[in-house]
Amino acid sequence: MARPTPEAPVLPLDTIMSGDCVAAMNALPENSVDLIFADPPYNLQLRGELHRPDNSMVDAVDDHWDQFESLKAYDHFTDRWMKAAHRVLKPDGAIWVIGSYHNIFRVGASLQDRGFWILNDVVWRKTNPMPNFRGKRLTNAHETMIWASKSESSKYTFNYEAMKAANDGVQMRSDWTFPLCTGHERLKNARGEKAHPTQKPEALLHRLLVATTNPGDVVLDPFFGTGTTGAVATMLGRHFIGIEREEEYRQLAAERIAKVRPLEREALETTTSKRAEPRVPFGQLVERGMLRPGEELRSGNGRHRAKIRADGTLTGDGVKGSIHQVGAAYEGAPSCNGWTYWHFRREGKSVSIDTLRQQIRDEMVKMN
């Protein structure tokens, strides 16, 4: 009698896991998450207290979780969690890691050693950085994020058109300007102190998740802290899995996320490229009677004409072929986008055939 097959572990969606991040990630199914956002300890290596010129003490990052005996110990820690992250990421998944000059270069080397393929490094330029109180260095006004796919061949998500639309029609650059987390967004603990020394602004995660995930995707944050990733993911219709070993942070994150209202489905839609939209053959317009065999099409400039045939091809002036082939032949060009080139007449007006294609696409979206 065959032994029963053990059940595969189930993803704990929209859950904050407790304990060590490596053990928690190794308990998750292999190849199961779409994106990882990692904000690991920076290993700031502070030596003693830091004071302002007026001798008041700076609330710097001196928590025990940012303490490592040596750079070798930090590298070992990085390699362990990076290995676990690579295992749990889907083949077409990607990872973002944020850090400062203290750790990001060592993290980048570990990423490459583990087989990740670096896509971009993004500079988060802070509009309100903390001054350099001792006056011995430049003001540290930025942090660096590394965006990498699981492998060189990964078909990772990048919503290029959405990012371009968010940037007033211009390609999104790799330098992002946001203020530090302040004001009402900054969480406070029961003592009225800032709950976490390095809480990230929601605006940063908003751009990152819109750029590199889709609604319904699973986002893993192995250093969850007070839950910025979970809060933004929930709002944007993504699932999250958080891992956090500090009980106080877990409690604050859970309370924070419970107050988040997800956006409506329509609000989650983003600008997509034409290539990402459903394919509609020109012949389908003819089959559905939106255009009739024998009907005449004209080029946008009005110089050329062709007639539609029953199989969705065109004929005119000794040229036969697809809407793209006939348009290219008329223009003496190697290629032509027939959808924007050809127009038909309705109620005395010239209308692009692409409007009919978009009608069908809209129907297909509604059906889904």
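Numbering of residues starts from 1 in every chain and runs along the sequence as written. Only residues with pLDDT of 70 or above have their local features reported here, since the model is predicted, and side-chain atom pairs are shown and tallied only from 80 upward, although totals for entire chains, interfaces and linings are computed over all residues. Note that water and hydrogens are dropped before the side-chain values are worked out from all heavy atoms of the structure.

Peer 1: I tried to follow the pattern of salt bridges on my own but got confused; where do I start?
Peer 2: In a structure, side chains of opposite charge can pair up when their charged atoms sit close to one another. Take a side-chain nitrogen of Lys or Arg and a carboxyl oxygen of Asp or Glu: if they are within 4 Å of each other, that pair is a salt bridge. Taken as a whole and assessed by the stated rule, the structure comprises 15 salt bridges. Its salt-bridge partner being arginine 173, residue aspartate 175 comes within 2.8 Å of it at the nearest N-O pair. Note on classification: 1.4 Å probe, protein chains only; a residue is buried when its accessible area is under 20% of the maximum for its type, exposed when over 50%, partly exposed between these limits. Classification of aspartate 175 by relative accessible area gives partly exposed; the value is 36%. Accessibility expressed as a relative area gives 56% for arginine 173, which makes it exposed. The closest approach of N and O atoms between aspartate 354 and arginine 357, which form a salt bridge, is 2.7 Å. Taken together, the positions of aspartate 354 and arginine 357, both in helix α12 (residues 354-367) and three residues apart, correspond to about one turn of that helix. For aspartate 354, a relative accessible area of 14% translates into the label buried. Runs of H or I in DSSP of at least four residues are treated as helices and runs of E of at least two as strands, each being numbered from the N terminus.

Peer 1: So what exactly am I meant to see when it comes to a nonpolar patch on the surface here?
Peer 2: Like-charged residues are merged into a patch within 9 Å and nonpolar side chains (Val, Leu, Ile, Met, Phe, Trp, Tyr) within 5 Å, provided each residue has over 30% relative accessible area and no salt bridge. Where accessible areas are quoted, they stem from the Shrake-Rupley method and a 1.4 Å probe; at the residue level, only the protein chains shown are allowed to cover. Taken together, the side chains of Tyr156, Phe158 and Tyr160 present a nonpolar region at the surface, about 260 Å² in accessible area. Given the relative accessible area of 34%, tyrosine 156 is considered partly exposed.

Peer 1: Honestly, the sheet that holds strand β12 (residues 319-321) in this entry has me stumped. Any pointers?
Peer 2: Strand pairing within a sheet occurs via backbone hydrogen bonds; the two strands may be parallel or antiparallel. Whether two strands pair depends on DSSP finding at least two bridges between them. Taken in spatial order, the six strands line up as β12-β11-β10-β9-β13-β14 in an open sheet, and their pairing is antiparallel. Either end of the sheet is taken by a strand with one partner, and the two such strands are β12 and β14 (349-352). Strand-to-strand twist of the sheet, defined as the mean angle between neighbouring strand axes without regard to direction, takes the value 35°. Axes here refer to lines fitted to C-alpha atoms; in helices the fit is confined to the stretch in contact. Angles between the N-to-C directions go from 0 to 180 degrees.

Peer 1: Sorry if this is basic, but what is going on with helix α10 (residues 323-331) here?
Peer 2: For α10, the full list of buried residues reads Ile323, Val326, Gly327, Ala328 and Tyr330. Buried residues belonging to α10 abut α9 (282-287), β10 (305-308), β11 (314-316), β12, α11 (338-341) and β13 (342-346). One or two residues past the end of α10 sits glycine 332, with phi positive at roughly 60°. Throughout, a contact is declared for two residues whenever any of their heavy atoms are within 4.5 Å.

Peer 1: Would you mind going over the environment of glutamate 269 with me for this structure?
Peer 2: Residue placement: glutamate 269 occurs in the loop between α8 (265-268) and α9. Along the backbone, glutamate 269 and leucine 236 are 33 residues apart, and their C-alpha atoms lie at a distance of 9.8 Å.

Functional significance is not addressed by these values, which are geometric in nature.
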